[in-house]
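The chain contents come next:
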Amino acid sequence: YTLNKLRQDLAQRLSSILNTDAEKVYLLLEKPKNEEHGLFALPLPRLKLPGNPAQVAKDLAEKFPRDEIFKGVTSVGPFLNFSIDSGYVLKDTVK
């Protein structure tokens, strides 16, 4: 797994949940300012979704399905943060 492939995979998953364009989500995914928040962050206000961005982030953090790659999803204010299982990614890279 490369960082770009992870970002594409995450954007695709989010676009299905948010019912929005995967390319738009991909372009908005960024690195969190605080590394403890994960590998990727999605600033929800930039998607212009209806509702309070902080509440939308909290709801999405609860809904997002965790798996062997994306092990943690948290909300910090209007940001949705994603942590990955580096062991899985490393194992997949070594294959």
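Residues numbered from 1 in each chain as written. Predicted model: local features only at pLDDT ≥ 70, side-chain atom pairs only at ≥ 80, totals over all residues. Heavy atoms only, no water.

Engineer: Residues and numbers for unusual backbone geometry, please.
Structural biologist: Although it is not a glycine, Asn19 sits at a positive phi angle of roughly 55°. Within the element layout of this structure, Asn19 appears in the loop between α1 (3-18) and α2 (22-28). (Helix = DSSP H or I, 4+ residues; strand = E, 2+ residues; numbered from the N terminus.)

Engineer: Go over the pairing of strand β3 (residues 79-84), please, and point to the residues and values.
Structural biologist: Residues in a regular strand project their side chains so that they alternate between the two faces of the sheet. Taken together, the four bridges between strand β1 (residues 40-43) and β3 define a ladder with antiparallel strand orientation. Note that in β3 the partner of Ala41 across the bridge is Asn81. Sheet topology note: the strand β2 (residues 70-76)/β3 ladder contains six bridges and is antiparallel. Note on β3: the bridge partner recorded for Val76 is Phe79. Taken together, β2 and the strand that follows it, β3, pair antiparallel across an intervening segment of two residues, in which Gly77 is found at a positive phi of about 60°. (Pairing = 2+ DSSP bridges.)

Engineer: Give me the lowdown on the environment of His37, citing residues and values where you can.
Structural biologist: If you trace the backbone, His37 turns up in the loop between α2 and β1. Relative accessible area serves as the criterion here: at 27%, His37 is assigned to the partly exposed category. Sequence separation between His37 and Gly72 is 35 residues; the distance between their C-alpha atoms is 9.4 Å. Contacts of His37, omitting those with residues within four sequence positions, involve Pro32, Thr74, Val76, Asn81, Phe82 and Ser83. (Buried < 20%, exposed > 50% of the residue type's maximum accessible area, 1.4 Å probe, protein only. Contact = heavy atoms within 4.5 Å.)

Engineer: Help me get a handle on the sheet that holds β1, residues and values and all.
Structural biologist: Across the sheet, which stays open at both edges, the three strands sit in the order β1-β3-β2 with antiparallel pairing between neighbours. Looking at the sheet topology across the chains shown, the edges are occupied by β1 and β2. Between one strand axis and the next, the sheet turns by 20° as a mean value, whatever way the strands run. In this fold α1 packs onto β1, β2 and β3, with an angle of close to 35° to the strand it touches most, β1. Against the sheet, helix α3 (residues 53-63) makes contact with β2 and β3, and its axis sits at roughly 165° relative to β2, the strand it touches most. (Axes fitted to C-alpha atoms, helices over the stretch in contact; angles between N-to-C directions.)

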